[in-house]
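Architecture at a glance
Residue strings, one per chain:
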Amino acid sequence: MTTSAQTPHAVTDARAVTEAAPTSVPASVPTSVPASVATSVPGPVPAVVRARVPVTLSRVRDRSADLVTFHHLPDPGEHFAVLVPPAPTDTAPPLVRLHSECLTGDVLGSARCDCGPQLDEALRAIADHGGAVLYLRQEGRGIGLYNKLDTYVLQSQDHDTFAANRMIGRGDDERDYAAAAAMLHALGLTRIRLLTNNPDKVRELRTYGIEITEVIPTGVYVTAENSRYLSAKAELAGHTIALLQEAAA
């Protein structure tokens, strides 16, 4: 367990959250859930901020950000937020990206998906405009890394990504976004612009009381290796992906 000695900003209750919040987080971002929205907060206990750790993001021009962890999320995943305050003159709702963990794409740069480029795009956007990337530990649309790699074998045998999941006894998409909504409530980010192609994220956040003023599609990052995967997401799951005809060239 991480202690306050190991993590200077670690907190254990809502009062300590307010006292421990560093000056890099704007005062307009509350650290506890307002009573007026408590009925929309997922889980039996509202999530609260556990720790804020300042970091420098070398991938986006050495931008300063906070990594934020949470208590009382509705599932056991170690989800976290990358939080960048907006410029004082920026009055638009903060930009938010819900990004499901993809070790192969995010870390290794695998061309079998578009996850790595989407993460880079989201980090650049929040560096420019302020907001948050919620990094959700939902590898392989919730089925885990080993299972995801097993489905890669099946996809190589001409099965689409959803059929491959079903062939190993898993659901098409086992994710939910209750934890993401709880994180946003804990950060006070209940009115946002959402960077996504996935209509499920929009629908589910709204059921948890998150007001989405604008849905901004991510870029299209097609390769010869991921074009069939992206086509399946667009055609079978309704993702708003405008596939480029020349992408596989």
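**Considerations on the pairing of strand β4 (residues 95-100)**
Side chains on a regular strand alternate between the two faces of the sheet. Among the six residues that make up β4, six are buried, leaving the element largely enclosed by the rest of the structure. Sheet topology note: the β4/strand β5 (residues 131-136) ladder contains six bridges and is parallel. If you follow L98 over to β5, its bridge partner there is L134. Strand direction decides the pairing type here: β4 and strand β6 (residues 191-195), joined by two bridges, are parallel. In the sheet register, L95 faces β6, and the bridge partner there is R193.

**A look at the pairing of strand β1 (residues 48-57)**
Relative to strand β2 (residues 63-71), β1 is paired through nine bridges, and the arrangement is antiparallel. Within β2, the residue paired with L57 across the bridge is R63.

**What about helix α7 (residues 178-187)?**
Of all ten residues making up α7, ten are buried, and the element is well covered by its neighbours. Of all the residues in α7, the buried ones are A178, A179, A180, A181, A182, M183, L184, H185, A186 and L187. The positive-phi residue at the C-terminal boundary of α7 is G188, with phi of around 75°.

**Here we look at the nonpolar core**
Counting residues in hydrophobic clusters, the biggest one holds 27 residues, and the most contacted among them are F70, L98, L134, I192 and L205. When residues of this core are traced back to their parent elements, those giving at least two are β2, β3 (80-84), β4, β5, α7, β6 and α8 (199-207). Considering each element in turn, this core owes the most residues, seven residues, to α7. Ignoring any residue separated from it by four or fewer positions in sequence, one finds L134 in contact with F80, A81, V96, R97, L98, H99, A180, M183 and L184. L57, A125, I126 and A127 belong to the second-largest nonpolar core, a separate cluster that totals 15 residues.

**Regarding the sheet that holds β4**
One open sheet holds the seven strands; their spatial order is β1-β2-β3-β5-β4-β6-β7, and the pairing between them is mixed. Either end of the sheet is taken by a strand with one partner, and the two such strands are β1 and β7 (211-216). Between one strand axis and the next, the sheet turns through 25° on average, direction left out of account. Of the strands in this sheet, β1, β2, β3, β4, β5 and β6 are in contact with α7, which crosses β5 at around 145°.

**Here we look at unusual backbone geometry**
The bulk of non-glycine residues show a negative phi, and the bulk of peptide bonds are trans. Phi is positive for R61, which is not a glycine, with a value near 55°. Mapped onto the elements of the fold, R61 is located in the loop between β1 and β2. Its relative accessible area of 55% is what places R61 among the exposed residues.

**Some remarks on the environment of R52**
Mapped onto the elements, R52 comes out in strand β1. By relative accessible area, which is 2% here, R52 ends up buried. Sequence separation between R52 and D66 is 14 residues, and the spatial gap between their C-alpha atoms is 5.8 Å.

**A few points about the side chain of N197**
Along the chain, the position of N197 falls in the loop between β6 and α8. For N197, a relative accessible area of 6% gives the class buried. Polar side-chain contacts of N197 include one of 2.6 Å to the side chain of T218.

**Quick word on the side chain of T218**
The residue T218 is located in the loop between β7 and α9 (227-237) in this model. Accessibility expressed as a relative area gives 7% for T218, which makes it buried. Here Q118 takes part through its side chain, which lies 3.0 Å from a polar atom of the side chain of T218. Residues within four places of T218 in sequence aside, it is in contact with R97, Q118, E121, L195, T196 and N197.

**Examining the confidence of the model for the chain**
Residues at a pLDDT of 70 or more form 73% of the chain, whose mean pLDDT is 79. Considering each helix and strand of the chain separately, the mean pLDDT is smallest for helix α1 (residues 14-20), with a value of 36, and largest for β5, with 98. Scored below 50 in pLDDT, residues 1-39 makes 55 contacts in the model with residues more than four places away or belonging to other chains. Here residues 244-249 scores under 50 on pLDDT; set against residues more than four positions off or in separate chains, the count is three contacts.

Thresholds, definitions, all that
- Residues numbered from 1 in each chain as written.
- Predicted model: local features only at pLDDT ≥ 70, side-chain atom pairs only at ≥ 80, totals over all residues.
- Heavy atoms only, no water.
- Buried < 20%, exposed > 50% of the residue type's maximum accessible area, 1.4 Å probe, protein only.
- Helix = DSSP H or I, 4+ residues; strand = E, 2+ residues; numbered from the N terminus.
- Pairing = 2+ DSSP bridges.
- Core = buried A, V, L, I, M, F, W, Y, C linked by side-chain atoms within 4.5 Å.
- Contact = heavy atoms within 4.5 Å.
- Axes fitted to C-alpha atoms, helices over the stretch in contact; angles between N-to-C directions.
- Polar contact = N/O pair within 3.5 Å; in protein donor to acceptor, adjacent residues only side chain to side chain.
- pLDDT = per-residue confidence, 0-100.

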